[in-house]
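Summary of the model geometry
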Amino acid sequence: MAPVPPGIRFLASFNRDQWYKAFTFALTFLLYTSFHLSRKPISIVKSELHKNCSHVMRAPTESSSGQQPVLHPELDCSWKPFDRNNYKQLLGAMDYSFLCAYAIGMYLSGIIGERLPIRLYLTVGMLTSGLFTCLFGLGYVYDIHSLGFYVFVQVANGLVQTTGWPSVVTCIGNWFGKGRRGLIMGLWNSHTSVGNILGSLIAGYYVSSNWGLSFIVPGVIIAAMGVICFLFLIEHPNDLKIACAQSSAPSSQKVHKNWNGVNGHKDLYLQYKPGAKTQSWDTELLLGQESIGVCVPVQQQQVVVVKSEAEPSPISFMRALRIPGVVEFSLCLLFAKLVSYTFLFWLPLYITKAAHLDAKKAGDLSTLFDVGGIVGGILAGVISDKMGKRATTCAVMLLLAAPTLYGFSMISQFGLGPTIGMLLVCGGLVNGPYALITTAVSADLGTHKSLKGNARALSTVTAIIDGTGSVGAAVGPLLAGLLSAQGWDQVFYMLMTADFLALLLLLRLVMKEHCSHRKRPGVAVE
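Described in the following lines is the structure provided in the data block. This is a predicted model, so every value here is computed, not measured.

1. Looking at the overall build of the protein
Scanning the protein for helices and strands turns up 18 helices and seven strands. Residue burial in the protein is summarised as follows: out of 526 residues, 52% are buried. Summarising the internal contacts of the protein: among those between residues at least 6 apart in sequence, 77% fall at separations of at least 24. As displayed, the protein offers around 22,800 Å² of accessible surface, 65% of which is attributable to carbon and sulfur atoms.

This is the structure:
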């Protein structure tokens, strides 16, 4: 008999639960990658909406002799209404409309998400997000020049995109415990940067020839991922256990489910109908391993309904705010996300102006910031797991980020090589704390011991933290649009100030971590 290949032996070493964990990890990774993929095109297309296309042409006459060259100004080829002198403010207003709607919607999204099935909630959000992303691109196809149209699409897209983050974080938190959470979340959160990179490459491919496709293609992708979400997403391991229990039940026994409540987990009813006439009494274990096991005698021709009291109810918004550390990390994320999203929306345009590159090359170069962000997010997770100090890890990276931003503003004027190096370093230091707070820290706080095991709080806590951060994400690009009119130096001063403020907000938690003697990794807030 031939030996089993080593690759097959490796695959066979994983049990069913591990395969489902890996599948959920990969699926949620791809789902949120598509969210960021659909947000990135606007930053690439900005330089095409208003571009410097001044060139010398001769006036069309019968004879060119004695004719003087005619200079065609920028407004001849820019996309109206972004052909005006205040185009930076108009582009900033578009960013602000999306991000402001996203910030407001995020506070509601977590609360709503706890009370609806995650799979359906996320599917609807992705399908509608794909619709509005495509609508923006159709503005090019149908030659729409109304600022109100583009602002409306941005607002609507910002609202529906809030369905994504609380849903995927809750789902991944349901499947993975606290062990090595920083590393797992750091790897998983690289979907943000992967989505930005793919969005930049896709948008950059079409931007010069047909910028409408820069939106339509990502819109189709996120809608298609929404369909995949509906078909394959498993919200909680208990869902799988219940499905397996049903499929393995005897054919003479009918099992009925009644989902009554939150995500199919709040109130779980299992009804057993004995079918054999000779059977007078039977005993069944009605609840899953993670619930309270109840053995109930079931009499012939009788239906017994057992309600699980172990499933907690969603927490209120104010109770979530009272969890130690939620307010500090939320406000810190406000300033950290301000910096990250300013780069997300304005970096390609800055590179276009500073390095004098076209839109496609600037978009490709800006992906290096996200490559650095992948490495920074993973390093932040690994270090915080090793040290057991989430706040300290964030504080050190924020401290290093501020002078690095100043260095980038100086070095980017000295050629392509130094710019590439600084983009990688800035990406790691800027996105590291942002990634750690939105993933591992949110999951830690959402399962804090003060909740007494109420894991249903995770969606609300995640929405509060990311919603507060999204306020900064809305303000940052808007300020960048206003300050860039006075020079890009003013934008970088604003970013450095935001980093220092984020650092100050973490000082109390840093001091508490250093005074604590806890051995296990996690957030040092009790």
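2. Considerations on the packing of helix H4 (residues 87-114) against helix H6 (residues 147-160)
Where H4 meets H6, the axes come as close as 7 Å, and the angle between the chain directions of the two elements is 30°. In terms of axis orientation, H4 runs roughly parallel to H6. Handedness of the H4/H6 crossing: right-handed. Contacts between H4 and H6 involve Leu 90, Met 94, Ser 97, Phe 98, Ala 101, Tyr 102 and Gly 105 on the former and, on the latter, Leu 147, Tyr 150, Val 151, Gln 154, Val 155, Asn 157, Gly 158 and Leu 159. Partitioning the contact of H4 with H6 into residue classes produces ten nonpolar, five polar and no charged.

3. Focus: the side chain of Ser 470
Residue position: Ser 470 is located in helix H17 (residues 458-483). When neighbours within four sequence positions are excluded, Ser 470 is seen to be in contact with Leu 99, Tyr 102, Ala 103 and Lys 337.

4. What about H17?
Every α-helical turn comprises 3.6 residues, leaving residues that sit three or four positions apart pointing alike. Over its 26 residues, H17 runs 37 Å from end to end, which matches the ideal 38 Å to within 8%, given 1.5 Å per residue. Most of H17 is tucked away, with 20 of its 26 residues classed as buried.

5. Quick look at the packing of aromatic side chains
Describing an aromatic ring pair means giving the distance of the ring centres and the angle of the ring planes. Across all of its chains, the model carries 25 aromatic pairs by this definition. Look at Tyr 341 and Tyr 434: their rings are 6.4 Å apart centre to centre, the planes differ by 75°, and that puts the pair in the edge-to-face class. Of this pair, Tyr 341 sits in helix H13 (residues 326-355) while Tyr 434 sits in helix H16 (residues 416-446), and the two are 93 residues apart along the sequence. In this structure, Tyr 341 and Tyr 434 share a single accessibility class: buried. For the pair Tyr 350 and Phe 492, a centre-to-centre distance of 5.3 Å together with 70° between the ring planes defines the contact as edge-to-face. On the criterion of sequence distance, the pair formed by Tyr 350 in helix H13 and Phe 492 in helix H18 (residues 488-515) is long-range, its members being 142 residues apart. For the pair Tyr 350 and Phe 492, a shared accessibility class is recorded, and that class is buried. Each residue in the set Trp 79, Phe 136, Tyr 140, Phe 149, Tyr 150, Trp 211 and Phe 215 is aromatic and connected to the rest through ring pairs, giving one cluster. For the cation-ring pair, Lys 46 lies above Trp 346, with the distance from its terminal atom to the ring centre recorded as 3.9 Å.

6. Looking at the packing of helix H5 (residues 118-141) against H6
The interhelical angle for the contact between H5 and H6, taken along N-to-C directions, is 165°, at an axis separation of 9 Å. One way to sum up the angle between H5 and H6 is to call them roughly antiparallel. Note that H5 runs across H6; the crossing there is left-handed. Residues Gly 125, Thr 128, Ser 129, Phe 132, Thr 133, Leu 135, Phe 136, Gly 139 and Tyr 140 of H5 pack against Phe 149, Tyr 150, Val 153, Gln 154, Ala 156, Asn 157 and Val 160 of H6. Across the contact of H5 with H6, the residue classes tally to nine nonpolar, seven polar and no charged.

7. Focus on unusual backbone geometry
Of note, the amide linkage connecting Lys 80 to Pro 81 takes the cis form, showing an omega dihedral of 10°. Along the polypeptide, Pro 81 turns up in the loop between strand S2 (70-72) and H4. Non-glycine residue Asp 143 carries a positive phi angle of around 55°. Inspection of the secondary structure assignment puts Asp 143 in the loop between H5 and H6. In this structure Asp 143 comes out as partly exposed when scored by relative accessible area, which is 47%.

8. Comments concerning the nonpolar core
Judged by nonpolar contacts, the single largest core of 109 residues is most densely connected at Trp 211, Phe 343, Phe 408 and Leu 495. With 15 residues, H13 is the single largest residue contributor to this core. Excluding residues that lie within four positions of it along the chain, Leu 495 makes contacts with Leu 338, Val 339, Thr 342, Phe 343 and Leu 405.

Cut-offs applied
Residues numbered from 1 in each chain as written. Predicted model: local features only at pLDDT ≥ 70, side-chain atom pairs only at ≥ 80, totals over all residues. Heavy atoms only, no water. Helix = DSSP H or I, 4+ residues; strand = E, 2+ residues; numbered from the N terminus. Buried < 20%, exposed > 50% of the residue type's maximum accessible area, 1.4 Å probe, protein only. Contact = heavy atoms within 4.5 Å. Areas by Shrake-Rupley, 256 points an atom, 1.4 Å probe, with all protein chains shown as cover. Axes fitted to C-alpha atoms, helices over the stretch in contact; angles between N-to-C directions. Parallel < 35°, antiparallel > 145°, perpendicular 65-115°, else oblique. Left-handed = near helix turned anticlockwise from the far one by under 90°. Nonpolar A, V, L, I, M, F, W, Y, C, P; charged D, E, K, R; others polar. Expected span 1.5 Å × (residues − 1). Phe/Tyr/Trp six-rings, centres within 6.5 Å; stacked < 30°, edge-to-face > 60°. Lys NZ or Arg CZ within 6 Å of the ring centre and 35° of its normal. Core = buried A, V, L, I, M, F, W, Y, C linked by side-chain atoms within 4.5 Å.

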